[in-house]
Amino acid sequence: MANKLINEMGLPKPIENIFAARNIRTAKDALSLTEFDLMELLDVRFADVTSAIAHISEITCPPYQTALSLMEGQIHHELFSGHLPTCLRGLDEALCGGVPFGVLTELVGPAGIGKTQFCLKISLLASLPASFGGLDGHVIYVDVESKFSSRRLIEIGAKSFPELFQTKGLAQEMAGRILVLQPSSLVAFTESLQQIKVSLLENKVKLLVIDSMAALLSGDHNQGAPRQLPLGWHISFLKSLAEFSRIPVVVTNQVRSQSTELCQFPFQVNKMNETLENSTRSDSHLVAALGTNWAHAVTIRLVLEARSGQRYIKVAKSPISPPLSFPFNITSSGISLLSDEGTELTGQDIYTISGQGHNDVLRLHGDSLL
């Protein structure tokens, strides 16, 4: 709008001609000068200048919006974009329908907490017929750590939808809709991304799962692979892939101990020592791996953690939900919430991850995986 031409704004012809004669041709040219500067430059009355500037500003500036109109627009966008329901009622309500299309959703947590169980369940749901709440499509599952289990997938389906999986041949059909890739390195994964992009179009793919991105990078750690540039490229590619295909993209992430932060300043040494002492007296407090650039790239961050013998899944980052925590168990039918009423979180509880009983922590120095 700043480059809108003065002669297209409906100003009185004499004033319009004066602007043109002084080589003031766009709204930006006019609004970059003060009213007194314009009065002197155009050699017209102050009242004429203020009237012309008010008219130009009204046309150039976008109209205001009310909070109600913004909320209605957001609801319309959510309905249009779509979601993949997780069958976890409280979580789906918090996310306005489930895992959203067109953005990156991240699962963070220590090893063995249930991230792969979550991925298996949503993979099954994406492949189910629409009449059963699924997306009736194919799934690309990038299995970095060889944790994908077809047997477990069928078990989850049979326990969750017994009437459906009793149909002869349906279990095989559902499993046949899930394409599993097992890249041995970050290089192999990078080479497969273009193939994935083509498959999204040709094979009616409705979900992309990467389990896990952090494992891809840590696997190349001893090979001296550069960190910042590869992950920066992958962030951009995955985000564009989600937006282009309009499907949910779910990526799991590992955790690292806060005590592995590099001490950049002298006063941080004492702080790190305090953290180490505290970690021996209480639960181990962890943070997500991959660094801040990755954290900014994901739209939804779901954290899986354990506190006092109980597992929790919490909405740690979402543009449409406050930070909420839900207790859950892992059953034969997959992850099951113990309560659909989430507990709202505040302060450090939103960002820290409790890994009581989980020792398999990805040990990285600082944010080296930016």
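That block above? That's the structure.
Read on for an overview of the structure. Keep in mind the model is a prediction, meaning the values are calculated, not measured. (Residues numbered from 1 in each chain as written. Predicted model: local features only at pLDDT ≥ 70, side-chain atom pairs only at ≥ 80, totals over all residues. Heavy atoms only, no water.)

A separate point is the nonpolar core. Of all hydrophobic cores here, the largest spans 44 residues; its most connected members are Leu84, Phe118 and Ile313. Dropping the residues within four chain positions of it, Leu84 is found in contact with Gly97, Gly98, Val99, Phe101, Ile122, Leu125, Ala126, Leu135, Leu207 and Pro248. Counting 31 residues, the second largest nonpolar core, distinct from the first, contains Phe189, Leu208, Ile235 and Phe237. (Core = buried A, V, L, I, M, F, W, Y, C linked by side-chain atoms within 4.5 Å. Buried < 20%, exposed > 50% of the residue type's maximum accessible area, 1.4 Å probe, protein only. Contact = heavy atoms within 4.5 Å.)

To continue, consider the packing of aromatic side chains. Counted under the stated rule, the structure contains three aromatic pairs. A centroid spacing of 5.3 Å and a plane angle of 25° characterise the contact between Phe36 and Phe46, whose relative ring orientation is stacked. Residue Phe36 is located in helix 3 (residues 35-42), and its partner Phe46 is located in helix 4 (residues 46-60); the two are separated by ten residues in the primary sequence. With a centroid separation of 5.1 Å and an interplanar angle of 25°, the aromatic rings of Trp233 and Phe237 are classed as stacked. Placement of the pair is Trp233 and Phe237 together in helix 13 (residues 228-245), with a separation of four residues, close to one helical turn. Of the residues examined, Phe237 reaches a relative accessible area of 10% and is grouped as buried. Directly above the aromatic system of Phe244 lies the positively charged group of Lys197, at a separation of 5.4 Å from the ring centroid. (Phe/Tyr/Trp six-rings, centres within 6.5 Å; stacked < 30°, edge-to-face > 60°. Helix = DSSP H or I, 4+ residues; strand = E, 2+ residues; numbered from the N terminus. Lys NZ or Arg CZ within 6 Å of the ring centre and 35° of its normal.)

Let us look at the pairing of strand 4 (residues 138-143). Most of strand 4 is tucked away, with five of its six residues classed as buried. Here strand 4 pairs with strand 6 (residues 205-211) via six bridges, running parallel. Paired with Val139 across the strands is Leu207, a residue of strand 6. Inspection of the sheet shows strand 4 paired to strand 5 (residues 178-181) by four bridges, in the parallel sense. In the sheet register, Tyr141 faces strand 5, and the bridge partner there is Val180. (Pairing = 2+ DSSP bridges.)

Time to look at the packing of helix 7 (residues 115-127) against helix 8 (residues 150-160). It is the contact of helix 7 with helix 8, at a shortest axis distance of 10 Å, that shows an interaxial angle of 65°. For the crossing formed where helix 7 meets helix 8, the hand is right-handed. Only Arg152, Leu153, Ile156, Gly157 and Ser160 of helix 8 make contact with helix 7, whose side of the interface consists of Gln117, Leu120, Lys121 and Leu124. (Axes fitted to C-alpha atoms, helices over the stretch in contact; angles between N-to-C directions. Left-handed = near helix turned anticlockwise from the far one by under 90°.)

The next point concerns the pattern of salt bridges. Under the criterion given, the structure shown has eleven salt bridges. Between Glu106 and Arg301 there is a salt bridge, and its shortest N-O distance comes to 2.5 Å. Of the two residues, Glu106 is situated in strand 3 (residues 104-108) and Arg301 in strand 10 (residues 300-307); the sequence distance between them amounts to 195 residues. Residue class for Glu106 comes out buried when judged on its relative accessible area of 0%. (Salt bridge = Lys/Arg side-chain N within 4 Å of Asp/Glu carboxyl O.)

Residue placement: Ser321 occurs in the loop between strand 11 (310-317) and strand 12 (324-331). Residue class for Ser321 comes out buried when judged on its relative accessible area of 11%.

By themselves, these are just geometric observations and shouldn't be taken as functional.
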